[in-house]
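Per-entry structural report
Read off the chains here:
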Amino acid sequence: MPLLIFANKQDLKCCMDVEEIISTLELDKIKNRQWNIIATSAVNRIGIIDGFVWLKDSIIAKYSYSNK
């Protein structure tokens, strides 16, 4: 199953950026599943829809491929 991480609070100056989160969580070491991290701001409604669209597309692609 694909893994989606929302990097929320991107509207704040003190937040970790996407690259810092990838490094801190060592996401680049995940090799057994597709993953993505989306910069978001729930307050400003940025990135939320993009994240769910990526997740939907990733799940459809995974199951479309495996069912053929």
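Look up: the structure comes first, before these words.
Residues numbered from 1 in each chain as written. Predicted model: local features only at pLDDT ≥ 70, side-chain atom pairs only at ≥ 80, totals over all residues. Heavy atoms only, no water.

**Some thoughts on unusual backbone geometry**
The following threshold applies: Working definition: helices are DSSP H or I runs of at least four residues, strands are E runs of at least two. Numbering for both runs from the N terminus. A 1.4 Å probe rolled over the protein chains alone gives each residue an accessible area, and that area as a share of the maximum for its type sets the label: buried under 20%, exposed over 50%, partly exposed in between.
Although it is not a glycine, K9 sits at a positive phi angle of roughly 70°. Note on placement: K9 falls in the loop between β1 (3-7) and α1 (18-25). Overall, the relative accessible area of 45% leaves K9 in the partly exposed class. Residue E26 is not a glycine yet carries a positive backbone phi of 55°. Within the secondary structure, E26 is located in the loop between α1 and β2 (35-39). In this structure E26 comes out as partly exposed when scored by relative accessible area, which is 42%.

**Let's talk about the packing of aromatic side chains**
Put simply, the rule is: Working definition: rings of Phe, Tyr and Trp (its six-membered ring) pair if their centres are within 6.5 Å, and the pair is stacked with planes under 30 degrees apart, edge-to-face with planes over 60 apart, and tilted otherwise. Charge-over-ring placement is defined geometrically: NZ (Lys) or CZ (Arg) within 6 Å of the ring centre, and within 35 degrees of the ring normal.
Counted by the stated rule, this structure contains 1 aromatic pair. Across from the ring centre of Y63, 6.0 Å away, lies the NZ or CZ of K62, which sits over that ring.

**A word on the environment of F52**
The criterion, for reference: The contact definition used throughout considers only heavy atoms, calling two residues in contact when any of these lie within 4.5 Å.
Tracing the backbone shows F52 in helix α2 (residues 48-66). Residues F52 and S41, spaced 11 residues apart in sequence, show a C-alpha to C-alpha distance of 14 Å. Setting aside anything within four residues of it in sequence, one finds F52 in contact with L4 and F6.

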